[in-house]
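Topology and contacts: notes
This is what each chain is made of:
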Amino acid sequence: MSSLSCSKPAPVETTTPAPAKKQVETWPQADRLATALSAIGMTPDEKFRTIKIPENAITESTKYIVLPVQTQALGFAPSFRAAVGAQLDEALSLGGIHTVQQTDLADINGPFVRSFDEATLQALLKQYQQQKLIMLYLGQDKGQNFVTLVIRSQNESIKAHKSLELPQDPEQALDIIKKSLPALLKEAGLKEAGEPPAASNDGSICAESNWDFSLPASGKDRLQQACHALAVGTLLPAYDYVKASILDYGRLMSPLKRAWLARAYAKADMGPSAPPVAQVIRTLALQQLGLSLTGSYEISPMLLSSTDPIVSQVAKLLARANGKPSDTHGLEKLPALTRLLMNERLNIEDPSKPVKFCDIAAYFSGLPTPESCPSSKTQNGQAKALSSAELALYQDWRLLSHYKNAARYVRFLGLPEQGLMLLAQSPEDIAGHPYLQQIKHTAQQSMKFTGNAGDFLVHKQALLKPYLQMIVNLQRYDSWLATSSLSDHYIGNGSQNIDNDRQIQEARSKEAQLIKILKADRFLTSSLPTPQQAAMMAAIQAAPKADATKQGLFPLRFHLFKTPSEEQLLSKLKQYPGDMDSRVALAFRHLKEGKEGKTLQDALKIINAYPKSAEINDRVKESHDWAAPAHGFFFSGELEAAKQFYQRSLAMGTGSSSEFHAQTRLKLIDSRLGEAMQSSIQALARYNSDFTRRDLASFLFMEGQAEMGWQVIQPRAATAETFQLWVAAYVAQRMEGKSLDQINDWLKSQKYDSVQIDLQDVNDLYVHMHAVTDRVPNNDDIKLLLKPSAPNKYRNKTFAVSAQLIKSALEQSGTKEAYEFAIANLAPYDANKRNQFVLPFFAWVAWQASDGKDANLDTVRNADLHESFDHVLAKSMIFALEGKSRESLQYLKAARYGLSESGKSEMRERGIPPSYQYATAAYLMFKKTGNDAYRTEALQFLRSYELVFPYYGWVYSMQAAMEKDKKRQQTLACKAKALDPGSYFLSLSNLDLNKLSCKTALW
C-alpha cells in the first residue's frame, strides 16, 4: 500500500484567526516516546536534540539536507535506523542528488533524539532557506511496519508512505526497505533517484591508502568509499565490551561510529554481482552494528587469510579483540596513527588500560591537546584542515578517554569517589554527555553513603532527576539501562523502605513509561535465539517439570543452576586457561569429593596452573584472581593454602581492594592482630568497605577502644550494603553483656528497626543473631522473635522457628513440639530461599521427631556433595543420626569446604554465622554419637577460625567446652569470657569462671 500527499505546514506565527480544523494526516504518526515525554513534562537537553550542520557541508549545488531517520509510533533499534539512513543517502547519491548526509550530521552528541520537534525543523528551514529537508520516518505497531518519506521546504510538505512486511532477520529487513526507497523518492518528486546498477565497475580490492584518514573519501569510487568507511568505523571506539549480545541492545557506541559503519554497509551493498570484497565489507559492518545474526565474534578463517589490505586487517583486529589469535602481518606498513588506534581499539576490552589520548591527539594538528599531556606529546606538523574521518576519530577517542578513565575507578577499582572527581574535571563540552552521566550515576549509586536512613533517602531522591534526564537524552534501551533501571531493580541497597518512597515510586513510574517504549524497538534484541539461548531453552523444556506443591520446604537447586560438572569445568579451562573462577570451582569440587588422589595438594596444583600474564596492566586483574582461591581457603579453615594465595595477590603491588584484604588477612593468619588493625585502617581509608569496617571496629572492641569502634560502625549502620557490618555491633554488645530486651530497645531508640539489608529487616537478623548464637533461646526470646518490631509490620516467623529448633537441639528435648512449630510456621514455596538457613537444625530435630520419616528429609537425602552448604550439612547430620559415621564425616568435610562460598549473599546475609552452624552441628553429632572424630573436626576448624574471625566469642567458648588440655582450656575460657561473658558453651566447660587467672593482654 502506498499513498502520496502534499500539504503546507502550519505557520509558526499568525495574526489571523485560525482556520477550521481539517482531518489530521495519519502519516507520519506521532512518536510514542515524544508523546510520553510530553505527558511526564520532560524534554531532551538542547545539545542532544540539535541538528548541527558543518560549515563546509553546504555548497551551491546542495539542494537537500537529509536528516537522520526518525521514529513514528514504535521504533527500530538505533543501528537499524542508521543503516536505513545510509541506504537513503546512497539512493540519493546514485541518482546524482547532492545532499548533506548523516555522516555529516553525526557527532558524539548525536543527535540522539528519535524524532525532531516542530520548532527544531522550523529553525532549520529558516536557517537554510535554499535547501529542502528529506526526512524518513520508520515505525511499527501491532505487527505492522511502515515507512514515510517527507520532503519539506518552508512552503510545502510532500509525503509518500508505504507499509512493509519485515522478516525477523535484520539483514533481510534492510534489503526490503532498500528496495522500497527508489519508488518512495520518485513518488515524492525526486525522479532522479534510482536503484543501484546491476553490477559495479569499481575495483575488486580495497586500496591500502584507505588507512590514511587524512585523505577525503568523497573523491573515491563506491567500493573505495566502502573500504574507507569500514576502516574509520572499525577504529572508532566502542564504549562497552566488544563481546556483546548479538544484536544492538548490547552495543554502546556513538552516533559517529554507527554512521560510519552504516555508510560502509550501504556503499558495499551492491547486489549479487558485487565484487567479493564488497560482500565481506557489508558483513563486517553489519556485525559491528549488531545487525547480523552471526554475531560480531564470528570471524571466519577465510577473512583472516584475506590479502585485501583493509578487510584482512579489520578481520584480524576484530578477532584479536574477541580473544581469538591472529597474526599481525602487514601492520608495519600502516600509517603510525592507524597502528596506534588499532592498539587502543584492542585495549578497550581491558579496563585497567587507560586510553593514550595524548598520543592520539598529537596527530590532529589544530585541535586541542589536553593540558595534562607531557610536552613531549606535541602535535606533529602545522595546523591543517582535517577530514571528516579525522574529526570523527578525534571526537570519539577524546570522549572515550574521559569515559574509560572514570569507568576504571568506578567499575574496575571500586573507587567511586575518585571516579566522580575525574568526571568533575572533565571538559565542559563533554561533561554532560549521557555516557559520562551513566558512569556518574553508577558511581553515585555505589558510593558508601554515611548518615542516617533519612539522609540516605534524600541522597537517593537527589539522583532521580539527572537519572531520568539521562534516559531522555539518550533515548535508547541498552545493557546499561537494563542493569540500572529503577523499574526492574531495587535502588535502596536492599531496603524496601527506600524503594517504596513516594518520590522514587513516581520516578519509577515515569521511567517505566519510557522503557516500555524503548524496549519495543525492533531489532534491538533478536527474536531468534542464539545457539546458546536455544540450547538453554531446550534444556529447560526437556527438564522434568517439578510440582511446586511436592518440593517440600527446602528444594534442591534447579538442575540448570547446579555446580558445573568436572567435565564442564575442564572443558572451560581448556578454552580459557585464565578463568580463575573455574579453577577454584574445580579445586573445591575435588576437595568436597575427597576421592583417592584428590588431596589438598592436588587442588593447589589446579589453581597454580593459572597462566601468568606478561602484560603489566593485567596485574590488577591478577591481584583479584589470586585473591579468589585465597578467600575460599580462608573461610574453609585451610589457612596455609590461603596464605600462599594471599601472598601472590599482595605481590601484584597494584593497591587493589583484594591486596588490602590480603594484607590484613596475612597478618591475622600470623596472629598479628595489632598489625591487622593497622592494615584495616589503611584499607578503610582507601576503599571504605563495610567488611573492612566490620573488622576494624571489632578489632577496636577487642582492644578495649569501644568508643572508637562505635565511631567506625555508626556512620554506615543505617545504610550498610551488608549485614556483616552489624557483626561488629554484635561483638560490642556481647562484650557489654546486653540482654535481648536491651538490644531490642536499643534498635528502636536508634531507629534501626526500620533499616533493611537484602530486603530483610535488620531488626530480625540482628535480634535473631543475639538470640541463637552461643545461646539457648528461652521462651521469652522466642516470643520476642514472633512479635513485630513495629505496629502493622510483618514479622517473619522463620527466625522464631530457628530459635525453637536450636533450643530443642541444644537441650536435647522438646523435639516433637519444635518440629510441629516449624512445620506450622515455615512458609512453603520459598522462592528466595530465605528459610534455607534453618535446614541443618530442622533436619536434626525433624529426624528425631518423625523417626526419620519427614518428607523434607528425603529432599536432603537426595542432595549430593555439591549442593548448598545447608543441604550438605543437614545430610551429614542425618547420616550421623542413622549411624553412618563415615558418610556423615564425608559430608561434614564437604560442608566445611562449602564455607568457601561465604561471600555469597545467601551465606552472608543471614542472622546466624554459617561457620557457627557448622561448628555447632559437629558438636551435636559428637555429643549424640560419642564419635571423637566429630570433636576432632570441630576443634581443628575452631582453631583455624581463631585467626579468621578472632572477635567471635563462640570460637573460643566452643573449644573450651570440648578441650581436654586444662591449660589451653583456661586460656580459651579467658578469651571467651572477655568477648562474651554470657556464653552458653563457656558454661559447659566445667570451669569456675570466677577463679580464672587471665592475662591483661589476651590478644
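Procedures and definitions
- Residues numbered from 1 in each chain as written.
- Predicted model: local features only at pLDDT ≥ 70, side-chain atom pairs only at ≥ 80, totals over all residues.
- Heavy atoms only, no water.
- Helix = DSSP H or I, 4+ residues; strand = E, 2+ residues; numbered from the N terminus.
- Buried < 20%, exposed > 50% of the residue type's maximum accessible area, 1.4 Å probe, protein only.
- Contact = heavy atoms within 4.5 Å.
- Disulfide = S-S within 2.5 Å.
- Salt bridge = Lys/Arg side-chain N within 4 Å of Asp/Glu carboxyl O.
- Polar contact = N/O pair within 3.5 Å; in protein donor to acceptor, adjacent residues only side chain to side chain.
- Phe/Tyr/Trp six-rings, centres within 6.5 Å; stacked < 30°, edge-to-face > 60°.
- Lys NZ or Arg CZ within 6 Å of the ring centre and 35° of its normal.
- Pairing = 2+ DSSP bridges.
- Axes fitted to C-alpha atoms, helices over the stretch in contact; angles between N-to-C directions.
- Parallel < 35°, antiparallel > 145°, perpendicular 65-115°, else oblique.
- Left-handed = near helix turned anticlockwise from the far one by under 90°.
- pLDDT = per-residue confidence, 0-100.
- Nonpolar A, V, L, I, M, F, W, Y, C, P; charged D, E, K, R; others polar.
- Core = buried A, V, L, I, M, F, W, Y, C linked by side-chain atoms within 4.5 Å.

For the chain, the count of helices and strands is 47 helices and nine strands. For the chain, buried positions account for 57% of its 1003 residues. A sequence separation of at least 24 residues applies to 69% of the contacts in the chain between residues at least 6 apart.

Turning next to the state of the cysteines. Enumeration according to the criterion identifies three disulfides in this entry. A disulfide bridge connects Cys206 with Cys227, and the sulfur atoms are separated by 2.0 Å. Its S-S torsion of about -75° marks the bond between Cys206 and Cys227 as left-handed, since a negative value means left-handed. Taken as a pair, Cys206 in the loop between helix 5 (170–187) and helix 6 (222–235) and Cys227 in helix 6 lie far apart in primary sequence, 21 residues in all. Exposure class is identical for Cys206 and Cys227. Each is buried. Through a disulfide, Cys974 is tied to Cys998; the S-S separation comes to 2.0 Å. Around the S-S axis, the bridge from Cys974 to Cys998 shows a dihedral of about -85° and counts as left-handed. Note that Cys974 is positioned in helix 46 (residues 966–979) and Cys998 in the segment after helix 47 (984–987), a separation of 24 residues in sequence. Bonded cysteines in the chain are paired 1-2, 3-4, 5-6 when counted in the order they occur along the chain.

Taken as a whole and assessed by the stated rule, the structure comprises 43 salt bridges. Across the salt bridge formed by Arg834 and Asp758, the nearest N and O atoms sit 2.9 Å from each other. Of this pair, Arg834 sits in the loop between helix 37 (815–825) and helix 38 (839–850) while Asp758 sits in the loop between strand 8 (756–757) and strand 9 (760–761), and the two are 76 residues apart along the sequence. On the accessibility criterion, Arg834 (25% relative accessible area) is partly exposed. With a shortest N-O distance of 3.9 Å, Lys995 and Asp992 are connected by a salt bridge. Look at Lys995 and you get exposed, because its relative accessible area is 69%. Looking at Asp992, the relative accessible area reads 39%, which means it is partly exposed.

Secondary-structure assignment places Ser387 in the loop between helix 12 (357–361) and helix 13 (388–412). Relative accessible area serves as the criterion here: at 11%, Ser387 is assigned to the buried category. On a C-alpha basis, the gap between Ser387 and Phe213 in space is 7.2 Å, while along the polypeptide they are 174 residues apart. Excluding anything up to four places from it in sequence, Ser387 contacts Phe213 and Ser214. Of note is the side chain of Ser387, whose polar atom sits 2.6 Å from the backbone oxygen of Phe213.

Overall, the coordinates contain 46 aromatic pairs when judged by the stated rule. Measuring from ring centre to ring centre gives 6.2 Å for Tyr819 and Phe842, while their planes differ by 40°; the resulting arrangement is tilted. One end of the pair, Tyr819, is in helix 37; the other, Phe842, is in helix 38, with 23 residues separating them in the sequence. Looking at Phe842, the relative accessible area reads 0%, which means it is buried. For Arg896, the ring lying beneath its charged end belongs to Tyr897, and the centroid distance is 4.9 Å.

Attention now moves to the pairing of strand 6 (residues 144–152). Burial of strand 6 is extensive: eight of the nine residues sit out of reach of the surface. Sheet topology note: the strand 5 (residues 132–141)/strand 6 ladder contains nine bridges and is antiparallel. Across the sheet, residue Met135 finds its bridge partner in strand 6, namely Val150. Connecting strand 5 to the next strand, strand 6, in antiparallel fashion are two residues, including Lys142 with a positive phi near 55°.

Let us look at the packing of helix 24 (residues 580–593) against helix 26 (residues 619–635). Each pair of packed helices can be described by the angle between their axes along with the distance between the axes. It is at 9 Å that the axes of helix 24 and helix 26 come closest, and there the two elements cross at 25°. Between helix 24 and helix 26, the crossing angle belongs to the class labelled roughly parallel. For helix 24 against helix 26, the interelement crossing comes out right-handed. Across the interface between the two elements, Met580, Val584, Phe588 and Leu591 of helix 24 pack against Asp625, Trp626, Ala628, Pro629, Gly632 and Phe633 of helix 26.

What follows deals with unusual backbone geometry. Across the junction of Trp27 and Pro28, the peptide omega takes the value -10°, indicating a cis bond. Looking at where Pro28 falls in the secondary structure, it is placed in the loop between strand 1 (2–7) and helix 1 (32–40). With omega at 5°, the peptide bond leading from Gly110 into Pro111 counts as cis. When you line up the elements, Pro111 lands in the loop between helix 3 (102–105) and helix 4 (118–127). Even without glycine at this site, Asp758 takes up a positive phi of about 55°. Positive phi is not limited to glycine here, since Asn990 has a value of about 60°.

Take the confidence of the model for the chain next. Summing up the model confidence of the chain, the mean pLDDT is 89 and the portion of residues at 70 or higher is 90%. In this model residues 1–24 is a low-confidence stretch, pLDDT under 50, and it forms 35 contacts with partners more than four residues away in sequence or in other chains. Counting interchain partners and residues more than four positions distant, the pLDDT-below-50 stretch residues 242–247 has 30 contacts.

Here the focus is the packing of helix 27 (residues 639–651) against helix 28 (residues 657–669). Relative to each other, helix 27 and helix 28 sit at 140°, their axes nearing to 9 Å. Considered as vectors, helix 27 and helix 28 are oriented oblique to each other. Remark: the crossing between helix 27 and helix 28 carries left-handed chirality. Here helix 27 contributes Leu639, Ala642, Lys643, Tyr646, Gln647, Ser649 and Leu650 to the contact with helix 28, which in turn contributes Ser658, Glu659, Ala662, Gln663, Arg665, Leu666 and Ile669. Split by residue class, the contact of helix 27 with helix 28 holds seven nonpolar, four polar and three charged.

Core analysis: the biggest nonpolar cluster contains 148 residues, and Phe633, Trp726, Tyr766, Leu805, Phe842 and Trp954 have the highest contact counts within it. Once you skip the residues sitting within four places of it in the chain, Leu805 turns out to touch Ala818, Ala822, Val838, Phe841, Phe842 and Val845. Ranked by size, the runner-up nonpolar core spans 141 residues in total, among them Leu166, Val314, Leu486 and Ile491.

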